[in-house]
Amino acid sequence: MSSNINLIDSFQEFKEFKNIDRPTVISVLEEVFRSMIRRRFGTDENCDVIVNPDNGDLEIWRTRVVVEDEFSEDDDLEIELTEAKKFDVDLEVGDDYIEQITLESFGRRAILAARQTLVSKVLELEKDEVFKKYKDREGELVIGEVYQIWKKELLVLDDDGNELILPKTEQIPADYFKKGDSIRAVVYKVDMMNNNPKILISRTAPEFLQRLFELEVPEIFDGLITIKKIVREPGERAKVAVESYDDRIDPVGACVGMKGSRIHGIVRELRNENIDVINFTTNHSLYITRALSPARISSIKIDEENKTAAVYLKSDQVSLAIGRGGHNIKLAGKLTGYEIDVYRENDEFDEDVDIEEFSDEIESWVIDQLKRVGLDSARSVLALTEEELSRRTDLEEDTVKEILRILQAEFE
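Here's what I pulled together on the structure shown here. (Residues numbered from 1 in each chain as written. Predicted model: local features only at pLDDT ≥ 70, side-chain atom pairs only at ≥ 80, totals over all residues. Heavy atoms only, no water.)

What about the pattern of salt bridges?
We count it as follows: Salt bridge, as applied in this entry: a Lys or Arg side-chain nitrogen positioned within 4 Å of an Asp or Glu carboxyl oxygen. Each helix is a run of H or I in the DSSP string that is no shorter than four residues. Each strand is a run of E no shorter than two, and both are numbered from the N terminus.
Counted by the stated rule, this structure contains 29 salt bridges. Ionic pairing is found between Lys133 and Asp160, a salt bridge with its closest N-O pair at 2.8 Å. Taken together, the residues span a long stretch of sequence, with Lys133 in helix α4 (residues 108–135) and Asp160 in the loop between β6 (153–157) and β7 (163–167) at a distance of 27 residues. The residue Lys135 makes a salt bridge to Glu138 at a minimum N-O spacing of 3.2 Å.

Structure below.
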């Protein structure tokens, strides 16, 4: 029975380590043995293959009809009476003769071939199982261990030893991992390449931030708070629009937590990415105002048709609205779906510039002329029309136009 044990050992080995369900294993084994039977006897229709998946026991039974001597047309389906009586004297013509076929009778070569087929079929099944398992988990959080580090990607192993790939493009710029480090990411894309499942994971996808919020904020996990949209500039800034269907729950407060307790863990995981959590609203003007936080907006004009918004702010708020590297305004645009333009507000409270500051562009005698009529700052000059300026200063029209052009450029 050594050959039997050989064949079944390989099956046992795969059954224990791989996550293939019992009916599938039985059908694979049956198919392997049936192909052996077909090769040997030409048909398997009169054979029964019985597999015990718990201990790997296998039995093959062949049924042949007993016929008169010299009347057998097919020895694989029929057996002559004299031959049959050697095994059972009570058999008569028309009876079924059932015999057990041992694996040894197939010969060593057939058994080795069957073992090879079995191994490759189980491997194939395992690949399909991994593919299906991860295809269904796209967008879900996975935890793995860094196994190998290459220039353009990391090889990560999950708890079952499946290979996951984290490309450089899907890593946060400040990410740094060593072999053996634990890593969290979302399943980003699952494909079959050359019959092998290729599982890509990501730490830059908005879904990653969403899953982290679900872990840290029970109200999101329970569905009391909904994340409407997430936009990210990985490692720099993220904006999360949240909404609650329960008036008693403050969605922003719940996401941030007491003294930032809930959001701190997420920020650490994202390598100090600044996260703005804002209240979602269907009021576009209010939504854009909130999206541009921490900047305080003075007024806003929305063009619904072209999906653009002109936002007016005080001078000291402009840089806040734009943000470092332009991230704040870019993300606000992505979050709201509007193209946002920022303008300084032109009112008397805005900063002004002394007219003397323009001495390198405006000739000194012209500056003296302006000061003589009480125009000693840029805004006081810009407050007048061309005609008024010409009349009050006795300056030529071209000179007046040039002065206005220089001063306006300063405030654009």
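On we go from here.
As for the pairing of strand β1 (residues 47–52)
Which entries qualify depends on this criterion: Only protein chains enter the accessibility calculation, which uses a 1.4 Å probe; a residue is then buried when its area is under 20% of its type maximum, exposed when over 50%, and partly exposed in between. Two strands make a pair as long as DSSP finds a minimum of two bridges between them.
A one-sided burial pattern is seen for β1, the buried positions being Cys47, Val49 and Val51 and the unburied ones Asp48, Ile50 and Asn52. In terms of strand pairing, β1 meets strand β2 (residues 57–67) through six bridges, oriented antiparallel. When the sheet's bridge partners are listed, Cys47 is paired in β2 with Arg62.

Some remarks on a negative patch on the surface
Counted only if it meets this: The patch calculation keeps residues exceeding 30% relative accessible area without a salt bridge and links them within 9 Å when they carry like charges or within 5 Å when they are nonpolar (Val, Leu, Ile, Met, Phe, Trp, Tyr). In short, Shrake-Rupley with a 1.4 Å probe defines the accessible areas, and a residue's cover is counted only from the protein chains shown. Asp and Glu count as negative and Lys and Arg as positive, but His and the ends of the chain are not part of the count. For this purpose, a charge sits on NZ of Lys, CZ of Arg, CG of Asp or CD of Glu.
Negative charge collects at one region of the surface, where Asp352, Asp354, Glu357, Asp360, Glu361, Asp376 and Glu410 lie side by side. You can call Asp360 exposed: its relative accessible area is 66%.

With respect to the packing of aromatic side chains
Pairs of aromatic rings are described using the distance from one ring centre to the other and the angle between the two planes. Here is the rule: Aromatic rings from Phe, Tyr and Trp, taking only the six-membered ring of Trp, are treated as a pair when their centres fall within 6.5 Å; an angle between ring planes under 30 degrees marks them as stacked, one over 60 as edge-to-face, and anything in between as tilted. In this scheme, the term charge over a ring applies when either NZ of a lysine or CZ of an arginine sits within 6 Å of the ring centre and within 35 degrees of the ring normal.
As enumerated under the stated definition, the model contains three aromatic pairs in all. A ring pair is formed by Phe280 and Tyr287, whose centres lie 5.1 Å apart and whose planes are at 75°; its orientation type is edge-to-face. Ring centres of Tyr312 and Tyr343 lie 5.3 Å apart, and the angle between their planes is 25°; this geometry places the pair in the stacked category. Of this pair, Tyr312 sits in strand β14 (residues 308–313) while Tyr343 sits in strand β15 (residues 339–344), and the two are 31 residues apart along the sequence. Exposure remark for Tyr343: the relative accessible area of 38% places this residue in the partly exposed category. Lying across the ring of Phe41, Arg62 places its NZ or CZ 3.9 Å from the centre. Seen from the ring of Phe280, Lys228 lies directly overhead, with NZ or CZ sitting 5.1 Å from the centre.

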